[in-house]
Amino acid sequence: MDRAEAFTKFPTAKEVRVFLDTVSLSGCGFGMTAEGERVFLNARLVSAVGLQEGDTVTCQILPNYEDRRDDVPFRAIRADNPRRVVVTVDQDYDDPPEAVEPDVAAEPTIKDRILQHLRDTGPTCTGTLVKVMGDPSLGTTEMHALCSAMHKVGTIARADVYRRAGQDRASMVVWALSANEFEVDQ
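Here the structure is a predicted model, which is why all the values come from computation and not from measurement.

### Remarks on the environment of Thr128
With respect to the helices and strands, Thr128 occurs in helix α4 (residues 126–133). Relative accessible area serves as the criterion here: at 32%, Thr128 is assigned to the partly exposed category. C-alpha of Thr128 to C-alpha of Thr140: the two residues are 12 residues apart in sequence and 9.3 Å apart in space.

### Overview of the pairing of strand β2 (residues 29–33)
Counting buried residues along β2, 4 of its 5 residues qualify, which places the element largely inside the surrounding structure. In terms of strand pairing, strand β1 (residues 14–23) meets β2 through 5 bridges, oriented antiparallel. When the sheet's bridge partners are listed, Phe19 is paired in β2 with Met32. Two successive antiparallel strands, β1 and β2, enclose a turn made up of 5 residues, where Gly27 displays a positive phi of approximately 95°. Note: β2 against strand β3 (residues 38–41), 4 bridges, orientation antiparallel. Bridging from a neighbouring strand, Met32 pairs with Arg38 of β3.

Parameters and conventions
- Residues numbered from 1 in each chain as written.
- Predicted model: local features only at pLDDT ≥ 70, side-chain atom pairs only at ≥ 80, totals over all residues.
- Heavy atoms only, no water.
- Helix = DSSP H or I, 4+ residues; strand = E, 2+ residues; numbered from the N terminus.
- Buried < 20%, exposed > 50% of the residue type's maximum accessible area, 1.4 Å probe, protein only.
- Pairing = 2+ DSSP bridges.

Function cannot be inferred from these measures alone, as they are strictly geometric.
Here you go:
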């Protein structure tokens, strides 16, 4: 099914860029649009396209099923992998298509680059990580989602910084390899 057919079959589908921040143990993926909306990608789509945490992909999305819409408002019905494999959820095939891997040595993932930056420079705020990574598809929302996912599994530590007492929300979030890096030597 090509792009035109997908929009004909699903006229309410919209095309958006999705940052994949989590792939569960069951293979399902969860991502976020630039507007901060959560998107579900089923395991078949994640596997067929060869998606990994940290990928930014173009997806066609629909409102999620009514019983799941409160937690994750959208679901992807089609995804275009950065490695240029295009798969539609409802297409029939016996074996998933093979991803065409580039001949060059594997580039480090965005997670690897974040960890290397934290090793080299120490604690860093989300905005600085966005600038250092230099990836135009990664905005503050996507970087925060990725770092939050890394924090959730214990890969990195997080510190919320408040400019004034009593603020409801942190003014900035700082990330480090461990909580020990936030200690100030006197």
